[in-house]
Structures are given as C-alpha cells and as structure tokens.
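Architecture and fold: a report
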Number of protein chains: 2
Amino acid sequence: MATRTPRNSLSSELIISKALELMEGRGLDSFSLRALAGELGVGPMAIYTYFRNKDDLYDAVRDHLMGLLPAVPAGAAWPDQVRAVCRGLRRLMLQHPCLAQLLASRPLSGHETARVAEGLLGVLHSAGFGREIAARTHTTLFTYVLGATSWEIQMATEQRDPEGLRRLRTTMESLSATEFPTVVDLAPELARTTGGDEQFDYGLDLLISGLRTAS
Amino acid sequence: MATRTPRNSLSSELIISKALELMEGRGLDSFSLRALAGELGVGPMAIYTYFRNKDDLYDAVRDHLMGLLPAVPAGAAWPDQVRAVCRGLRRLMLQHPCLAQLLASRPLSGHETARVAEGLLGVLHSAGFGREIAARTHTTLFTYVLGATSWEIQMATEQRDPEGLRRLRTTMESLSATEFPTVVDLAPELARTTGGDEQFDYGLDLLISGLRTAS
DNA sequence: ACCTGAACACCGTTCAAGT
DNA sequence: ACCTGAACACCGTTCAAGT
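Residues numbered from 1 in each chain as written. Chains lettered and ligands numbered in written order. Predicted model: local features only at pLDDT ≥ 70, side-chain atom pairs only at ≥ 80, totals over all residues. Heavy atoms only, no water.

**Remarks on the interface of chain B and chain A**
Taken together, the contacts link 64 residues of chain B with 64 residues of chain A. Note on chain B versus chain A: buried area summed over both sides is about 5800 Å², and carbon and sulfur give 63% of it. It is Arg131, Arg136 and Trp151 of chain B that lose the most area in chain B upon contact with chain A, and together they represent 12% of the buried surface on that side. Note that glutamate 198 of chain B is salt-bridged to arginine 136 of chain A, the shortest N-O span being 3.5 Å. At the boundary of chain B and chain A, one finds 23 residue pairs in polar contact (both at pLDDT 80 or more). Of all the secondary structure elements, the ones that give two or more residues to the side of chain B that touches chain A are helix H5 (97–105), helix H6 (113–126), helix H7 (131–160), helix H8 (162–174), helix H9 (181–185), helix H10 (187–192) and helix H11 (196–214) of chain B. When residues of the side of chain B that touches chain A are assigned to their parent elements, the largest contribution, 20 residues, is made by H7 of chain B. (Contact = heavy atoms within 4.5 Å. Buried area = accessible area lost by both parts, 1.4 Å probe. Salt bridge = Lys/Arg side-chain N within 4 Å of Asp/Glu carboxyl O. Polar contact = N/O pair within 3.5 Å; in protein donor to acceptor, adjacent residues only side chain to side chain. Helix = DSSP H or I, 4+ residues; strand = E, 2+ residues; numbered from the N terminus.)

Below, the structure is given as structure tokens:
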C-alpha cells in the first residue's frame, strides 16, 4: 500500500539515491522508472520533471557515484599514487556493482571521467612523463581497471548464483582435453585467478613495471 | 508486408545470423525478439522452439562470434603470439561491436572463452611461464583487451553521433581549469588517445614489457 | 513549476491449441 | 516437433490537463 508523497517533497537527489538503492538491490537490468516511481510514492511521470528520460537518470546516478572517488594521496612516489587511484576506482566499482555496467553501457558526458583522469594524469604529468605518454598511459590504466573489475564482478555474480556455478562447472568439465589441452590442464589455476586483490594488483604491477622500463 | 515463412524452414543457425544482423544494424539495446520474429516472417513464439529465452539467444550469438577467432600463429616468439591473439580479439570486437556488449553484460557459460584462453594460455605455458603466472597473465591480458576495446567502441559510437560529439565538446570546455588543471591542459592529447591501433598497442606493449622484466 | 491519468506503442514470456 | 494466437504483466514516453 503506497502512500502518496505530498507535493514539492521530491528532489533530484532523492530520486538518485532511491534509484541507486533499487539498482543495487535488484540489479540494473530489472530497474524501471515505473518501479522507481512506485517506490517514491508518485506517478511515473513525476520523475520527468527532474530528468529528461531514463538515460538522463542513468547518467546522473553514474556521476553521483564517480563523485565518491577518493582524492589522490599527496607526497607519495608516483607508482604508489597510480596504484592508489586505480585501487580506489576498483573499490568503488566493487562497492557499487551497477557502476561497472553504467560505465560500460552508457556513453560518457565526459565530466565524471574527468575526476579519474585528473587524478591519473596529474600524477603522471608531474612525475615527468611527456604529454602524449601521460595521456596514453592514463587511457591504458583506466581501461585496464574497467575491464579487470567488470570481469571480476561478472564472475563473482555468476558464482554467487548456484545455478550459474553449476553451469560453470559443467561447461568446464565438458571441455575436451584434445581441443583445449592447456585450459583443461590449468583449470584449477584459472579458477583461482578470476578476481581478487592479488589478481588485480598483478596486472597493475605489470603495467607499472612496463612503464618504469619505458621511461 | 511480411510473407509467412513455410514450416520447417527455420533453424537455429538462421535465427542466429538474422539476430546478429539486427544487433549490428540497429544496436543491441533496441534488439527485440518480436522484431526478430517479424524479420524472419514468423510469430514471436516460433523462436522459443530453438532457444529457451532471450538470454539463451544472446549466449548463442556470442558463442557464434567467438568461434570466428583466428588461430594462434605457430612458430613465432611468444611476445608476437600474445600480440596476435590480443589483436585478433580486438579486431573481432571492432568488426562486431555487439560482441563487446555481449561479453560485458551476459554471464559466461565458459565454453566460448575457452577459445581465447587456450590461445593465450598455450602460448604462455609453452614459453616457460609457471602455471599460476600463466593463468594470472592470461586474465590480465584478456581483461585489458576487453576494457580497452569496449571503451574504444563506446567513444567511437559517441563521436559518430553528431549530438554526442557536441555534448562531448561542451562538457570538455565546461571543465574548470582550477578543478581539473591537467585534464584541461592535456585535452588535445587525451582526445587523440581514446582509441586506435597505436593506443591499443601501447598498453599491450606495456604489459608485455612488464612481463619480460618479471620473468 | 510540479505532478496526475489516460493513452500509445511497444516488450518477454506463458499457456492452450493446432499441425 | 514445430508453430500460431490470444493473453498477461509489464515497459518508456507523449500529451493534455490539473494545481
């Protein structure tokens, strides 16, 4: 029984926080404006006073989440600063799994990525890297974090669901050892490297190490 | 005027190829089973004879695309082989942009990723890398390709749309130079490193170079 | 400006039925 | 088995109207 919300008690902040709650609760795929409106105790069209359409709301939620990014630690060596920024973004994505999907599916308005960019670029540029190298490195690091963490979240989601876990095992066992000899041989190692801090840091350190020898 | 397709002329292969055509034509977001059925000249429920539901069809399309991955070049040094596999996956994603979205949004049954895994793992393992290092490196490389290429596709899509390009420019210009000094300063370099072969290879070589010094 | 209510043009999927 | 047709429970969004 949804009680009607009185007039003028709605706000874009309230809508965003309730939308975020629903996206994290039931998943981004099953999120709908009608369900959100119902949860807020208003008609579906009330939301259109604050957002032009559904995509506009998606962008607002994504911007809100990106605003939670921690600041770059000052006075540390650049490899540690790079690590801090990348880990911070990963942590944020893990805490808010819908952020990964929002970053992957929605085109970017640019403003919210500027926060990450400023952190990484600032560190790299003041560490002495050239303009183009700094830009290239930033894009490389950012896309690595995006890919690695999205993948990690997806694997974790699949493994949480008992049905998905069963499907994962059966397909893994059905792989023919002649067609996929190495995968079958290294299956236990592969299962252990689908995510986690260690796996993330391994790739991150590979990039940083490559960056060291290049400069 | 949709002519009715006669009985028994449907097949899962035909459905998959038509679905792929629609996904690439009008985009994955606006793809629907009803539209697909209309295009095939059958009722919406005819598809359910061959696929359990929409997600099942998504998986089938993704598997079909992953089957197009080129084989690993034999008899080359491992860095070149790694480069070949990663570039092959990127090329496939660029040729079929919906693949990026399919890999990012749908959980994996495991079988189709085995093709990439076998290529990368095989190369790394026979190059002398230990079991765990080979597994970790594979996941790192795979997620890098995924993130870098997804990002690249997204930026290209945004820039193709004139409305999106305008939005991108205005938000870039609206960034305050005091809040985002480095981003504003390096804006031209950033714009040039949002994608392309050079950018992809830069990150890939960073990883390979890091891998060299680690071993 | 802020919000409602009805309506439009869609969805994926179930179910019973036909061949 | 292969496919239809009606129906159910949803969608996002437009439009005219009310306060």
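**As for the UniProt feature "DNA-binding region" (unreviewed entry) in chain A**
Under the local residue numbering, the UniProt record ascribes the feature "DNA-binding region" (unreviewed entry) to residues 32–51 of chain A. Helix and strand shares over residues 32–51 of chain A are 40% and 0% respectively, and the end C-alpha atoms of the span are 14 Å apart. (UniProt positions renumbered as here; feature names shortened; annotations may be inferred.)

**Here we look at the protein's contact with DNA strand D**
Near DNA strand D, the surroundings consist of 19 residues, among which Arg34, Met45 and Tyr48 of chain A together with Gly43 and Tyr50 of chain B are the closest. Across the atoms of DNA strand D situated within 4 Å of the protein, the share located in sugar and phosphate is 54%. Interatomic distance of 2.8 Å between a backbone N/O atom of glycine 43 of chain B and a phosphate oxygen of DNA strand D. Its residues placed into classes, the surface near DNA strand D shows eight nonpolar, five polar and six charged. (Near = heavy atom within 4 Å. Nonpolar A, V, L, I, M, F, W, Y, C, P; charged D, E, K, R; others polar.)

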